[in-house]
Amino acid sequence: MPEMPEVQGLVEFLGGRVTARTVQRVHAAAVAAVKTYDPPLTALTGTRVTGATRRGKFIDLAVEPGDGTGEDGDLHLIMHLAKAGWLRWYETLPARTPALGRGPVALRVGFDDGSGFDLTEAGTAKSLAVYLVRDPGEVPGVARLGPDPLSADFDRDAFADLLAGRRTQIKGVLRDQSVIAGIGNAYSDEILHAARMSPYALASSLTPAEVDGLYAALRDTVTEAVAAASRRPPAELKDAKRRGMRVHGRQGQECSVCGDTVRSVYFADKSNSSDIARQSRGGSSMEYCPTCQTKGKILADRLRSRFLK
Ligand SMILES: [Zn+2]
């Protein structure tokens, strides 16, 4: 799943390519992906792009309708790539209309210079979502976003306030979009490894020193990942993400810090009811290093241990 660094990379790329371009055509090939109907997607045709921004893991493409006087107010094409979605850029967009309801293309948007992009989604579980709204706050997932970890006011005390009183596991808190925007399963694994903290630590029980360490790990991990994603074309972003991971997706490999074997643990994933991992394995997996994070303790699979009772 693309998380904030990849989405930031996509937004910077898209903003650089399409700002001031006019939208020439829009095709929704996956009708279920379009979550709004007023204004209709066809309202995008003839609008001029004013910029691209990131909101958590959402891409916000702002366009100016009508005669360019701005009197009608901007529209926002908000896109969420979910677990298996991606953006494919074309210098020359294929002329044909993507097949309705078949194939990986969910949305195709073309611009006046012949360029354009597809939003694609792999697999059968479809959760990619597209919204066309007058105000980004009309999108429920955007309205409930917590603070962005790269915003100037996201300081150590603001982070401590978010954790205070939450008697839940830190792994879940870090990837809860309503607490902190943009961090998902992969980067929360990386942050916890950098902070040498168990994913099962209770947020409300962290000592001030642990909060210091976790805050620093979060800012460093996210800042580094955003820098690595910045100015890369969309086709390179997934590999860049994979390469940057120290524990996530590296089960069975050596921890680069201590040499112990990176372990994987499965957990029921309530935040992603339609994800692919859930279909095949009954949940999602997270990775951690026992020596670095759990004093050598091997964490039990949440699902397996429950089913064995
Ligand atoms: Zn280690």
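Residue numbers restart at each chain and count upward from 1, following the sequence in its written direction. Only residues with pLDDT of at least 70 are given local features in this predicted model, and only at 80 or more are side-chain atom pairs given and counted; all residues enter the totals for whole chains, interfaces and linings.

For the bond from Asp38 to Pro39, the omega torsion is 0 degrees, close enough to zero to count as cis. Mapped onto the elements of the fold, Pro39 is located in the loop between strand E1 (23–28) and strand E2 (48–55). Phi is positive for Arg196, which is not a glycine, with a value near 55 degrees. Only runs of H or I of at least four residues qualify as helices and only runs of E of at least two qualify as strands under DSSP, and these elements are numbered from the N terminus.

A separate point is the domain arrangement of the chain. Domain segmentation is taken from an automatic or database assignment of domains. Its domain assignment divides the chain into domain 1 (4–143) and domain 2 (156–308). Just the C-alpha atoms count here: the centres of domain 1 and domain 2 sit 29 Å apart. Contact between residues is assigned whenever the C-beta positions, reconstructed from backbone atoms, fall within 7 Å. Listed by partner, the interface residues are 18 residues for domain 1 and 22 residues for domain 2. Listing elements by their share of the side of domain 1 that touches domain 2, those giving two or more residues are helix H1 (4–18) and strand E5 (85–90). The element best represented in the side of domain 1 that touches domain 2 is H1, accounting for eight residues. Residue classes follow a fixed rule: Ala, Val, Leu, Ile, Met, Phe, Trp, Tyr, Cys and Pro count as nonpolar, while Asp, Glu, Lys and Arg count as charged, and any other residue, Gly among them, counts as polar. Here the side of domain 1 that touches domain 2 is built from residues that sort into eight nonpolar, five polar and five charged.

This next bit is on the sheet that holds strand E6 (residues 105–111). A pair of strands counts as paired when DSSP detects no fewer than two bridges linking them. With respect to topology, four strands assemble into an open sheet ordered E1-E6-E7-E5, the strand pairing being antiparallel. What marks the edges here is a single partner per strand, and that holds for E1 and E5. Mean inter-strand twist for the sheet, computed between neighbouring axes without regard to direction, equals 15 degrees. Sheet topology places E5 next to strand E7 (residues 116–121); six bridges connect them, and they run antiparallel. Looking at the pairing, Tyr90 lines up with Gly116 of E7. Only the stretch in contact is used when a helix axis is fitted, and all axes are lines through C-alpha atoms; the angle between N-to-C directions ranges over 0 to 180 degrees.

To continue, consider the nonpolar core. Grouped together as the largest cluster of nonpolar side chains are 79 residues, with contacts concentrated most on Leu10, Ala33, Ile59, Met79, Ala106 and Leu107. Not counting chain neighbours up to four residues away, the residues in contact with Ile59 comprise Val7, Leu10, Val11, Ala52, Arg54 and Met79. Any set of buried Ala, Val, Leu, Ile, Met, Phe, Trp, Tyr and Cys residues joined through C-beta atoms within 7 Å is what this text calls a nonpolar core. Exposure classification rests on a simple neighbour count of other C-beta atoms within 10 Å of a residue's own: a residue reaching 20 or more is buried, one at 12 or fewer is exposed, and one in between is partly exposed. C-beta atoms are placed from the backbone.

On to H1. Since there are 3.6 residues in each turn of an α-helix, residues three or four apart along the chain are aligned in direction. What a helix should span is 1.5 Å times the count of its residues minus one. The first and last C-alpha atoms of H1 sit 20 Å apart over 15 residues, in line with the 21 Å expected at 1.5 Å per residue. Taken across its 15 residues, H1 has 11 buried, putting it largely inside the fold. Inspection of H1 places Met4, Pro5, Glu6, Val7, Gln8, Gly9, Leu10, Val11, Phe13, Leu14 and Val18 among the buried residues, and these make up the whole buried set. On its buried face, H1 is in contact with E2, strand E3 (58–64), E5, E6, helix H6 (208–229) and helix H7 (234–244). Just downstream of H1 lies Ala20, where phi reads positive at about 80 degrees.

With that settled, consider the pairing of E2. Moving residue by residue along a regular strand, the side chains alternate between the two faces of the sheet. As defined by bridge partners, E2 adjoins E3 across seven bridges and the pair is classed as antiparallel. Note that in E3 the partner of Gly51 across the bridge is Ala62. Turn length for the E2-E3 hairpin, with the two strands adjacent in sequence and antiparallel, is two residues, and the turn residue Gly56 shows positive phi of about 60 degrees.

So, about the sheet that holds E2. The four strands lie next to each other as E2-E3-E4-E8, forming an open sheet whose pairing is antiparallel. Across the chains shown, the open sheet's two edge strands, defined by having one partner strand only, are E2 and strand E8 (129–133). Averaged over all pairs of adjacent strands, the angle between their axes in this sheet comes to 20 degrees, without regard to strand direction. Here H1 sits on the sheet and contacts E2 and E3; the angle it forms with E2, its principal contact strand, is near 170 degrees.

Okay, the packing of helix H3 (residues 156–163) against H6 next. The geometry of H3 relative to H6 is characterised by a closest axis approach of 10 Å and an angle of 115 degrees between their N-to-C directions. Judged by the angle between their axes, H3 and H6 are roughly perpendicular. Relative to H6, the crossing made by H3 is right-handed. Contact residues: Arg156, Phe159, Ala160 and Leu163 in H3; Val211, Asp212 and Tyr215 in H6. Split into classes, the residues belonging to the contact of H3 with H6 amount to five nonpolar, no polar and two charged. If an angle is under 35 degrees, it is roughly parallel; if it is over 145, roughly antiparallel; if it lies from 65 to 115, roughly perpendicular; otherwise it is oblique. Helix crossings get a hand from a simple test, with the near helix turned counterclockwise from the far one by less than a right angle marking a left-handed crossing and a clockwise turn marking a right-handed one.

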